[in-house]
Structures are given as C-alpha cells and as structure tokens.
Amino acid sequence: MFRTSRVTAVFIAGAIALTACGGDDAEADSCDEVVDETLALIQRAIDEANEMSEAELTAGEEPAFVAELETEGAELEERAEELDCDEQQVIERLDEIDVEEGSVGELILDQIRSEGLG
C-alpha cells in the first residue's frame, strides 16, 4: 500500500500546493493568520486521507475532496499574495500537524517538505 498511497499523497499535496498559503477563510489580516489557516487546511486534507479505504488509496485516482480543497483555498491564496506571505513559514510549522507514523498523512507532509507549497 505504501507505493499507491504515495500516489494519493501526491494528489493531495498537489491540491494543497494549488492553494499555496490558502485555507477556507479569506479574512486573514496577517501572515500568521494565513499560516494558521493553511495548517488547518493541511490537517483537514490529512484527516480526509486517513478516512479513505485501502481501495480508495490504491485506486490511483484523485480523491473527490481534492477539488474541494482547491476551491476552498483560492480566496485565501489571493490574501496570502496581498500580504506577501512566505510559504517557508508554513513548512517550518508542519510539525504541528497531527499525523500517525507510516500513514498517508506522513507521506503528504513529506511531499510538501520536499516540493514546497507552490
């Protein structure tokens, strides 16, 4: 399952990357708030991935919730650009995300650490 879970992790990490420093709240007034929203978005993605069945993880298809993540992040991504937020702020705080060792969530975080957010 590790290999096919990596495919799913790449889909999910890609969705997160498309939202850059995005989340579901475009009211952020500072980069710290943008980072908090981004971490919440990543946590939701990981939680969704952890709820997927083995069959869903091994299907090699983009999970349905990925489109929702992309949509939710669009407004806050714009806000992050307006505030000139740095994705490194998010990457430095990835350890705050709750993941189980060996889970698809760990793969998602590894993908974000190696590829960045955007």
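Everything here concerns the structure above.
In short, a report on the structure. (Residues numbered from 1 in each chain as written. Predicted model: local features only at pLDDT ≥ 70, side-chain atom pairs only at ≥ 80, totals over all residues. Heavy atoms only, no water.)

**Observations regarding the environment of S114**
Note the following rule: Secondary structure elements follow DSSP: runs of H or I of four or more residues count as helices, runs of E of two or more count as strands, with numbering from the N terminus. Summary of the burial criterion: residues with accessible area below 20% of their type's maximum are buried, those above 50% are exposed, and those between are partly exposed, where the area comes from a 1.4 Å probe applied to protein chains only. The definition of a polar contact used here is a pair of N or O atoms within 3.5 Å, where within protein one atom must be able to donate a hydrogen and the other to accept one, and adjacent residues in sequence count solely through side-chain atom pairs.
For S114, the position within the fold is in helix α6 (residues 104-115). Assessed through its relative accessible area of 52%, S114 is described here as exposed. In sequence terms S114 and I91 are 23 residues apart; their C-alpha atoms lie 9.8 Å from each other. Among the polar contacts listed, one links the side chain of S114 to the backbone oxygen of Q111, at a separation of 3.2 Å.

**A word on the packing of helix α2 (residues 31-50) against α6**
Heads up, the rule is: What counts as an axis is a line fitted to C-alpha atoms, over the stretch in contact for a helix, and the angles between N-to-C directions run from 0 to 180 degrees. Angles are sorted into four bins: roughly parallel if under 35 degrees, roughly antiparallel if over 145, roughly perpendicular if 65 to 115, and oblique for all others. Crossing handedness follows the turn of the near helix against the far one: under a right angle anticlockwise gives a left-handed crossing, and clockwise gives a right-handed one. Only heavy atoms enter the contact rule, under which two residues are in contact if any of them lie within 4.5 Å.
Look at α2 against α6: their axes get within 8 Å of each other, and the N-to-C directions meet at 140 degrees. On the basis of their axis angle, the class for α2 and α6 is oblique. Crossing angle aside, the handedness with which α2 passes α6 is right-handed. Touching I42, I46, A49 and N50 of α2 are V104, G105, I108, L109 and I112, all from α6.

**Some words on unusual backbone geometry**
Backbone geometry at D84 places phi at a positive 60 degrees, although glycine is not the residue there. Here D84 is to be found in the loop between α4 (65-83) and α5 (87-92).

**Some words on the state of the cysteines**
Our working definition: A pair of cysteine sulfur atoms is labelled a disulfide when the two atoms are within 2.5 Å.
Per the stated rule, a full pass over the model turns up one disulfide. The residue that forms a disulfide with C31 is C85, at a sulfur-sulfur distance of 2.3 Å. Here C31 and C85 share a disulfide; its torsion about the S-S bond, -95 degrees, makes the bridge left-handed. Of this pair, C31 sits in helix α2 while C85 is found in the loop between α4 and α5, placing the two residues 54 residues apart along the sequence. In terms of burial, C31 and C85 fall into one category: buried.

**Describing the pattern of salt bridges**
This is how the line gets drawn: A carboxyl oxygen of Asp or Glu within 4 Å of a side-chain nitrogen of Lys or Arg is what we treat as a salt bridge.
Scanning the entire structure with this criterion turns up five salt bridges. Of the charged contacts, one joins R93 and E96 as a salt bridge, the two residues approaching to 2.8 Å between their closest N and O atoms. Overall, R93 belongs to the partly exposed group, its relative accessible area being 24%. With a shortest N-O distance of 3.8 Å, D110 and R113 are connected by a salt bridge. With D110 and R113 both in helix α6, this residue pair falls three residues apart, about one helical turn. Members of the salt-bridge network, linked through shared partners, are D36, R93 and E96.

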